Amino acid sequence: MRSSGVFRSFFDAGTNIVTRFVLLILSSAIYHGFVIAEVLLNNSHLWYPPCLSQANVKLQRVLYKFINIYFATVARKTAMMPYILRRFIWFLVKCLAIIVAPITCILNIFRGGTCPPPTNPLLFKSATTLAAMIRKKQLKSEQLVSAYVERCREVNQYLNAIVEPRYEQAIEKAKNVDSMLASTTESIESLAEKYPLLGIPFTVKESIAVKGMSNDAGTVKDKRIPAEKDACIVKMAKEAGAIPIAVTNTPELCMNMETYNMVTGLTQNPYNLKCTVGGSSGGEAALISSGASIMGLGSDIAGSLRLPSMFTGIFGHKPSPRLLSVEGHVPDSLDPDFEEYFALGPLTRYAEDLSLLLKVLQAPDAHSIPYDTPVDFKKMKFYYMEGDGSGIASSIDSDVRMAMEKAKHHIRYTYNVEVEELKIKNMHHMWEISIRVLFNIKHIRNIYTDPKKRDSLLPMWPEVFKKILGCSRHSMTCVGYGPVKKFFDALPSCYYNKLINVFEEVKVDFQKALKENAVLFYPTFPSAAHEHYKFLYKFLNISYLSVFNALGLPVTTCPLGFNEKGMPVGMQIVSARYNDHLTIAVAKELEKAFGGWVPTNTTLETVNKYRNAELNVDVNSNNKSTS
């Protein structure tokens, strides 16, 4: 085992040296290319006859005129990309895949295997069930927290999901909970109302502040500065009795579809260590899916919570805008509309725990959501879409289509309700609209933000050149964010205004379709989790997720089984704003029908056996074993 680790270290070091050598050659070639071009241009009279020059100028004028007329015509009709341009972007990315795919295969040679399955029956119980057991003194919080601490230590060597643990503090807090319960005279009902999460361990994405813990969001810093206070939702969870046991990995400043940074490293998928967990809430998803956390808190601005949930076979919920406070998150924004598109939300293994957490975390002044109101599926409307039809994102594969068909079939034959295809005019423009709208958010904290003047940016090109030379300590996506943002900001405002007009029409159409008791089945991603680093040529598929951030709709990701390779597949359940209870209710129904979360190397029958069985726990002992 040690020799394998040493060999892998040499392999990683060798790969790093070769990569930097190649970057130096490329940068040198680019520099000398410019020098040669300058020499040729300054001496063009020696190799470029004047007659050819005059013909070339005339040809250029004709081409420029044609292009100007074409784009002027397009701009008058719409502010959107024409279909041919969208397909051209798709083609360029496919060409990139030819170069990147072999490199990703090499980088993943020494990865593989799965995370060991949980064996402690406590780890199969929902937070809802465990909280009730603790209140009834059928289980000690210390026993529960210790079981999860032990599981975290077991799986993190496989997953690399934990940034900073707080095991000792968590166990001490659990003991205090047990002491309080031993001496209290309050009724079980009163405890349930005051402390709905009493004694329950949970984990938090590193970008969400937990007092005294790392809150750098995967950023390399000269000095680590822990969070001075809890984020609002962490504070509310603690007040409800929950106990944080660790903060988990995220890509730098949450700007990646792969959970990797230069501080903690790469987080791996419990179902196949060669595969990605997605991003940016990948550390949370990996830990919860492996049975090392009951529930967690993540964030979502372009599917950051939903993609990891789907890739690891668990439930995640992006709430309606402003339902949960986003205070205490890194990065934040000075833009007053930031919360319209960005949200914090829960990740859980069981659908029933979503509503439990959301009731606790909901902002005091937020819109009231009737989570406990029974839902009659026979009176609901069900729709489905298989994508936005833009031609720029990949089409869903047979595994995802089969999973969606399974869900549609269940609704159709169980409740005699037809699942109809939803057609939205201009939906094929939502790829561009969602990207443009999200990049229009102003003053998001990033690596170029001036620390002395929050609404100003530092020069970008020095960092870009450092990245090209392999000398930057920031990720590629963080380095690229500044120039891309600057590009979008430089585009004419009249085009953006036309785009917004089309966007408003799409929003109205969605509101009309979903305003009653209606939900939409929509793919989370075109396929199950892919191998690490393949997001470099799959990033266009982010539109499956970003569209609902732009529209401000609540979304629940729901696991629907596995593909032939044993990787989880699932879909998104979408509804109108403040219909969060409907998406969660449908997720609960589909969980009953198809099983929901099933850990690695475990059968659904085993999960149901442990989940529904009574536990014989000696509450008078600190022994962590159960039977």
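Since we're looking at a predicted model, the values are computed, not measured.

## Details of the overall build of the chain
Stage number 1. A count of helices and strands for the chain gives 21 helices and 15 strands.
Stage number 2. The proportion of buried residues among the 627 residues of the chain is 53%.
Stage number 3. Once local pairs closer than 6 in sequence are excluded, the contacts in the chain between residues at least 24 apart make up 78%.
Stage number 4. Approximately 28,900 Å² of the chain is accessible, and the part contributed by carbon and sulfur atoms is 58%.

## Describing the sheet that holds strand β2 (residues 201-205)
Stage number 1. Read across the sheet, eleven strands follow the order β1-β3-β2-β6-β8-β7-β14-β15-β13-β9-β10 without closing on themselves; strand pairing throughout is mixed. The open sheet has two edge strands, β1 (162-165) and β10 (419-421), and neither has a second partner. Within this sheet the neighbouring strands show an average axis-to-axis angle of 30 degrees, counted without direction.
Stage number 2. In this fold helix α7 (residues 167-183) packs onto β1 and β3 (243-248), with an angle of close to 165 degrees to the strand it touches most, β3.

## Considering the packing of aromatic side chains
Stage number 1. Counting across every chain of the model gives 14 aromatic pairs.
Stage number 2. On the basis of an interplanar angle of 35 degrees and a centroid distance of 4.9 Å, the ring pair of F124 and Y610 is categorised as tilted. You can see F124 sitting in the loop between α4 (83-107) and α5 (127-135) and its partner Y610 sitting in helix α21 (residues 604-612), a full 486 residues away along the chain.
Stage number 3. By way of ring pairs, the aromatic residues F124, Y350, W597 and Y610 are connected into one cluster.
Stage number 4. Lying across the ring of W90, R87 places its NZ or CZ 4.2 Å from the centre.
Stage number 5. Here K406 stacks its cationic end above the ring of F594, 5.0 Å away from the centre of that ring.

## Re the UniProt feature "transmembrane region" (unreviewed entry) in the chain
Stage number 1. As recorded in UniProt, the feature "transmembrane region" (unreviewed entry) lies at residues 21-42, 62-79 and 91-110.
Stage number 2. For residues 91-110, the end-to-end C-alpha separation is 31 Å, with 85% helix and 0% strand making up the annotated structure.

## What to know about the pattern of salt bridges
Stage number 1. For the structure on display, the rule yields 24 salt bridges.
Stage number 2. Of the charged contacts in the structure, one is a salt bridge between R454 and D332, with a shortest N-O distance of 3.0 Å. Pair noted here: R454 is in strand β12 (residues 453-457) and D332 is in the loop between β7 (315-318) and α12 (338-341), with a separation of 122 residues, a long-range link.
Stage number 3. Across the pair K507 and E504 runs a salt bridge whose closest N-O atoms are separated by 3.4 Å. On the criterion of helical spacing, the pair formed by K507 and E504 is a turn pair, its members being three residues apart in helix α18 (residues 493-514).
Stage number 4. K507 gets classed as partly exposed once you look at its relative accessible area, which sits at 26%.
Stage number 5. Connected through shared salt-bridge partners, D216, K221 and R224 make up one network.

## Here we look at a nonpolar patch on the surface
Stage number 1. On the surface, I84, L85, F88, F91 and L92 cluster together into a nonpolar patch covering about 490 Å² of accessible area.
Stage number 2. The residue L85 is located in helix α4 in this model.
Stage number 3. Here L85 falls in the partly exposed class, since its relative accessible area comes to 31%.

## Looking at the side chain of S281
Stage number 1. Note on placement: S281 falls in the loop between β5 (265-266) and α10 (282-289).
Stage number 2. Of the polar contacts made by the side chain of S281, one reaches the side chain of K205; its length is 3.1 Å.
Stage number 3. Excluding its chain neighbours within four sequence positions, the residues that come into contact with S281 are K205, G298, S299, S304, L305, P308 and L347.

## Quick look at the nonpolar core
Stage number 1. Counting residues in each nonpolar core, the largest one holds 177 residues, and the members touching the most others are F382, F510, L520, F521 and F548.
Stage number 2. For L520, the residues in contact, after removing those within four places along its chain, are Y383, Y384, M385, L422, F510, L514, F548, Q572, I573 and V574.

## Looking at α5
Counting along an α-helix, one turn takes 3.6 residues, and residues three or four places apart therefore face a common direction.
Stage number 1. Of all the positions in α5, only A127, L130, A131, M133, I134 and R135 are classed as buried.
Stage number 2. Phi for K137, located one or two positions after α5, is positive at around 65 degrees.

## As for the packing of α5 against helix α13 (residues 352-361)
Stage number 1. It is at 8 Å that the axes of α5 and α13 come closest, and there the two elements cross at 65 degrees. Contacts between α5 and α13 involve A127, T128 and T129 on the former and, on the latter, E352, D353 and L356.
Stage number 2. Residue composition of the contact of α5 with α13, by class: two nonpolar, two polar and two charged.

## Here we look at the environment of D365
Stage number 1. Position of D365 among the secondary structure elements: in the loop between α13 and β9 (381-384).
Stage number 2. The class for D365 is exposed, based on a relative accessible area of 71%.
Stage number 3. In this structure, the C-alpha to C-alpha distance between D365 and R322, residues 43 residues apart in sequence, is 9.2 Å.

## A few points about α7
Stage number 1. The end-to-end C-alpha distance of α7, which contains 17 residues, comes to 25 Å, matching closely the 24 Å that a straight helix rising 1.5 Å per residue would cover.
Stage number 2. Y167, A170, A174, V177, D178 and L181 are the residues of α7 that are buried. Viewed end-on, α7 has its buried residues packed into an arc of 95 degrees, placing them on one side of the element. Exposed residues on α7 whose side chains face more than 90 degrees from its buried face are E168 and S183.
Stage number 3. Contacts from the buried residues of α7 go to α5, α6 (141-159), β1, α8 (188-194) and β3.

## Section: the side chain of T184
Stage number 1. With respect to the secondary-structure elements, T184 resides in the loop between α7 and α8.
Stage number 2. The exposure class assigned to T184 is buried, which follows from its relative accessible area of 19%.

## Thoughts on the pairing of strand β15 (residues 568-574)
Stage number 1. By the criterion of burial, β15 is predominantly enclosed, with seven of the seven residues buried.
Stage number 2. Across four bridges, strand β13 (residues 518-523) lies against β15 in antiparallel orientation. Residue pairing for β15: P523 is matched across the bridge by M571.
Stage number 3. Between strand β14 (residues 555-562) and β15, which follow one another and run antiparallel, lie five residues, and G566 among them has a positive phi close to 85 degrees.

## Let's talk about unusual backbone geometry
Stage number 1. For the peptide bond that leads from G279 to S280, omega is 15 degrees, which places it in the cis range.
Stage number 2. Examined against the element boundaries, S280 turns out to sit in the loop between β5 and α10.
Stage number 3. The step from V330 to P331 runs through a cis peptide bond, and the omega angle for that step is 5 degrees.
Stage number 4. With respect to the helices and strands, P331 occurs in the loop between β7 and α12.
Stage number 5. Here K137, not a glycine, exhibits a phi torsion of approximately 65 degrees, which is positive.
Stage number 6. Tracing the backbone through its elements, the reader meets K137 in the loop between α5 and α6.
Stage number 7. Taking relative accessible area as the criterion, K137 reaches 45% and is therefore assigned partly exposed.
Stage number 8. Backbone geometry places Y578, a non-glycine residue, at a positive phi of 70 degrees.
Stage number 9. Turning to its location among the elements, Y578 is positioned in the loop between β15 and α20 (580-594).
Stage number 10. Relative accessible area serves as the criterion here: at 26%, Y578 is assigned to the partly exposed category.

Cut-off values and rules
Position labels on residues start from 1 in each chain and follow its written sequence. With pLDDT at 70 or above as the cut-off, local features in this predicted model cover only qualifying residues; side-chain atom pairs require 80 or more to be listed or tallied, and sums for whole chains, interfaces and linings still use all residues. Hydrogens and waters are ignored; side-chain quantities use all the structure's heavy atoms. We count a stretch as a helix when DSSP gives it H or I for four or more residues in a row; a strand needs E for two or more, and each element gets its number in order from the N terminus. Relative accessible area decides the class of each residue, using a 1.4 Å probe on protein chains only: under 20% of the type maximum gives buried, over 50% gives exposed, and in between gives partly exposed. By definition in these notes, contact holds between two residues if any of their heavy atoms fall within 4.5 Å. Working definition of accessibility: Shrake-Rupley area with a 1.4 Å probe, residue cover restricted to the visible protein chains. A strand pair is defined by DSSP finding two or more bridges across the two strands. Fitted lines through C-alpha atoms serve as axes, helices being fitted only where they are in contact, and the angles separating the N-to-C directions of these axes extend from 0 to 180 degrees. Two rings belonging to Phe, Tyr or Trp (six-membered ring only in the last case) form a pair when the distance between their centres is within 6.5 Å. Interplanar angles under 30 degrees mark stacking, angles over 60 mark edge-to-face geometry, and anything in between is tilted. Should the NZ of a Lys or the CZ of an Arg lie within 6 Å of a ring centre and within 35 degrees of the ring normal, that charge is described as sitting over the ring. UniProt positions are given in the numbering used here, feature names are shortened, and annotations may be inferred rather than shown by experiment. Throughout this description, the term salt bridge denotes a Lys or Arg side-chain nitrogen within 4 Å of a carboxyl oxygen of Asp or Glu. Every patch collects residues that have over 30% relative accessible area and no salt bridge, joining them within 9 Å if they carry like charges and within 5 Å if they are nonpolar side chains (Val, Leu, Ile, Met, Phe, Trp, Tyr). Residues adjacent in sequence count toward polar contacts only when both atoms are side-chain atoms; beyond that, a polar contact is any pair of N or O atoms within 3.5 Å, and within protein one must be able to donate a hydrogen and the other to accept it. We define a nonpolar core as any set of buried Ala, Val, Leu, Ile, Met, Phe, Trp, Tyr and Cys residues linked to one another through side-chain atoms lying within 4.5 Å. By the convention adopted, Pro, Cys, Tyr, Trp, Phe, Met, Ile, Leu, Val and Ala count as nonpolar, Lys, Arg, Asp and Glu as charged, and the other residues, Gly among them, as polar. Take the residue count of a helix, subtract one, and multiply by 1.5 Å to get its expected span. Picture the helix axis, draw a direction to every C-beta atom, and the arc is the one those directions span.

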